[in-house]
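# Remarks on the overall topology
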Amino acid sequence: MHLSLTEAETLARSALAIAGANPGMAAATAQALAAAEATGQPGHGLSRVPQYAAFLRNGRADGSATPRIVNERGGAVLVDAGHGLAYPALALAESEAAWRARAHGIAIAGVTNSHHSGAMGLPVARLARQGLVALAFTNSPAAMPVPGGRRPLMGTNPVAAAFPRGAAPPLVIDMALSEVARGKIMVAAKEGRAIPEGWALDAEGRPTTDPNAALSGAMLAMGGTKGALLAMVVELLCCALTGAAFGFEADSFFTDEGNRPRLGQALLVVDPGALGGAGAFAERIEAFVAAMAAEDGVRLPGSRRDALAAQARVQGLEIPDALHRRLLDLASA
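A brief structural summary. Computed from a predicted structure; not experimentally measured. (Residues numbered from 1 in each chain as written. Predicted model: local features only at pLDDT ≥ 70, side-chain atom pairs only at ≥ 80, totals over all residues. Heavy atoms only, no water.)

## Some details on the sheet that holds strand β2 (residues 68-73)
Sheet architecture is open: seven strands sit in the order β2-β3-β4-β10-β5-β6-β7, paired in mixed fashion. The open sheet is flanked by β2 and β7 (168-175), the only strands paired with a single partner. Direction aside, the axes of adjacent strands within the sheet are offset by 15° on average. Here strand β6 (residues 159-165) pairs with β7 via six bridges, running antiparallel. Looking across to β7, one finds that Phe163 is bridged to Leu171. Against the sheet, helix α4 (residues 86-104) engages β2, β3 (76-80), β4 (106-114) and β10 (263-270), with an angle of about 165° to β4. Against the sheet, helix α5 (residues 121-128) engages β5 (133-138), β6, β7 and β10, with an angle of about 20° to β6. (Pairing = 2+ DSSP bridges. Helix = DSSP H or I, 4+ residues; strand = E, 2+ residues; numbered from the N terminus. Axes fitted to C-alpha atoms, helices over the stretch in contact; angles between N-to-C directions. Contact = heavy atoms within 4.5 Å.)

Spelled out as structure tokens, the structure:
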């Protein structure tokens, strides 16, 4: 089914509002999901609307929640998402981190009592377009074991970073710390497709190509022990500093029933002018970009998603007919 970005966002917003999201939550969430879909990330896109609607209806997310600042000191601020969907709280954290970084040179904004936060490359890209270096982290329900362990204790714990380039699109790096983003396995399960070996283990710890078996088992960390240790860093950064729940304390997102996950996010934002200076930063970034571009086959990080987003703004989106019908049902319930 073909939809314009505006049509996609409007449909998602209506479905979420009918499920119980307040106007601000429905709008922020719909905008983020449509943007993820436009950048070629369907696992964080419109396919999440039915899931979020179920969470709102069964109490796993509080649709009446309004994010609020609960602690602050200089460049540090903590936002409480109030058990609502994550996107309004992330928007507040993004805004707070931006002005605090300009005022203090560096800022960190933590989010607690939060939820699934989607494509973390989107907020860092927005910050980079304002001339700021930004990193984002989030934990998620347990999916990977710690080094030497057998049961999942940590989430796939995405990391995103963006570096401004003046008039050019920023460099944007966005990756889960599993061998592959869990959202891709979720999409494969919905579409009945096998997954490559090396992505996940089943519940017995055996390699599997069955996405449903993978969702009930464990993800494999990228880079083995090193990837698992990096995921541990994210888990501690997002939870120990903010008071949020660890991944093993949050029920899976792949069932409608469960607890309120109380996840954590963190945005770390730096004003380049506070260190080597904006001019030096720009020169060094462009020197590195030029070195990359000198090699055939090298693609700048984020360039593919930028191109897809530009195309979607003109041509709109293509989503599966079944998903479109489901969104229509939810928006008219």
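## Some thoughts on the pattern of salt bridges
One pass over the full model with this rule turns up nine salt bridges. When the shortest N-O distance is used, the salt bridge between Glu72 and Arg100 registers 2.6 Å. Of the two residues, Glu72 is situated in strand β2 and Arg100 in helix α4; the sequence distance between them amounts to 28 residues. Each of Glu72, Glu96 and Arg100 takes part in a single network of salt bridges with overlapping partners. (Salt bridge = Lys/Arg side-chain N within 4 Å of Asp/Glu carboxyl O.)

## Some thoughts on the pairing of β5
Burial analysis of β5 places five of its six residues in the buried class, which makes it a mostly covered element. Two elements, β5 and β10, share six bridges in a ladder whose sense is antiparallel. From the neighbouring strand, Val133 faces β10, where its bridge partner is Val270. Inspection of the sheet shows β5 paired to β6 by four bridges, in the antiparallel sense. (Buried < 20%, exposed > 50% of the residue type's maximum accessible area, 1.4 Å probe, protein only.)

## Structural notes on the packing of aromatic side chains
Applying the stated criterion to the full structure yields three aromatic pairs. Here Tyr52 and Tyr87 contribute two aromatic rings whose centre-to-centre distance is 6.1 Å and whose plane-to-plane angle is 50°, an arrangement assigned as tilted. With Tyr52 in helix α3 (residues 48-58) and Tyr87 in helix α4, this residue pair connects regions lying 35 residues apart in the sequence. For Tyr52, a relative accessible area of 0% translates into the label buried. With centroids separated by 5.9 Å and ring planes inclined at 40°, the aromatic side chains of Phe55 and Phe253 adopt a geometry described as tilted. Taken as a pair, Phe55 in helix α3 and Phe253 in the loop between α8 (225-239) and β10 lie far apart in primary sequence, 198 residues in all. The lysine or arginine in question, Arg60, covers the ring of Phe55, its NZ or CZ lying 4.8 Å from the ring centre. (Phe/Tyr/Trp six-rings, centres within 6.5 Å; stacked < 30°, edge-to-face > 60°. Lys NZ or Arg CZ within 6 Å of the ring centre and 35° of its normal.)

## Topic: unusual backbone geometry
The backbone of Asn157 sits at a positive phi, close to 45°, despite the residue not being glycine. Positionally, Asn157 belongs in the loop between β5 and β6. Classification of Asn157 by relative accessible area gives buried; the value is 0%. We note that Arg262 has phi near 55°; this positive angle belongs to a residue other than glycine. Structurally, Arg262 is set in the loop between α8 and β10.

## Topic: the pairing of β4
By the criterion of burial, β4 is predominantly enclosed, with seven of the nine residues buried. Of the pairings in the sheet, the one linking β3 to β4 comprises five bridges and is parallel in character. Bridged to Ala76 within β4 is Ile108. Strand direction decides the pairing type here: β4 and β10, joined by seven bridges, are antiparallel. Bridge pairing in β10 links Ser114 to Leu263.

## Comments concerning the layout of surface pockets
Roughly 910 Å³ of internal volume is contained in the largest pocket. Of the residues contributing to the lining of the largest pocket, the split by class is 18 nonpolar, 18 polar and nine charged. One number sums up the size of the second largest pocket: a volume of about 380 Å³. Lining the second largest pocket are 20 residues, and of these Ala35, Thr39, Leu122, Arg129 and Ala309 lie nearest its centre. Of all the secondary structure elements, the ones that give two or more residues to the lining of the second largest pocket are α1 (5-19), α2 (23-38), α5, β7 and α10 (303-315). For the lining of the second largest pocket, the per-class residue count stands at eight nonpolar, five polar and seven charged. (1 Å grid on protein atoms, 1.4 Å probe; cavity = no way out; pocket = protein on both sides within 12 Å on 5 of 7 lines; lining within 4 Å. Points joined across faces, edges and corners; volume = space filled by probe spheres on them. Nonpolar A, V, L, I, M, F, W, Y, C, P; charged D, E, K, R; others polar.)

## Re the nonpolar core
Leu16, Leu46, Val49, Tyr52, Leu56, Leu85 and Leu327 are the most contacted members of the largest nonpolar core, which has 34 residues in total. Setting aside chain neighbours within four positions, we find Leu327 in contact with Leu11, Ala15, Leu46, Val49, Pro50 and Ile319. Among the nonpolar cores identified, the runner-up in size contains 26 residues, and Ala125, Leu132, Ala136 and Ala160 belong to it. (Core = buried A, V, L, I, M, F, W, Y, C linked by side-chain atoms within 4.5 Å.)

## Let's talk about the state of the cysteines
Tallied over the full model, the rule gives zero disulfides. This cysteine, Cys238, is not joined by any disulfide, and Cys239 carries the nearest cysteine sulfur, 6.0 Å off. Owing to a relative accessible area of 2%, Cys239 belongs among the buried residues under this scheme. (Disulfide = S-S within 2.5 Å.)

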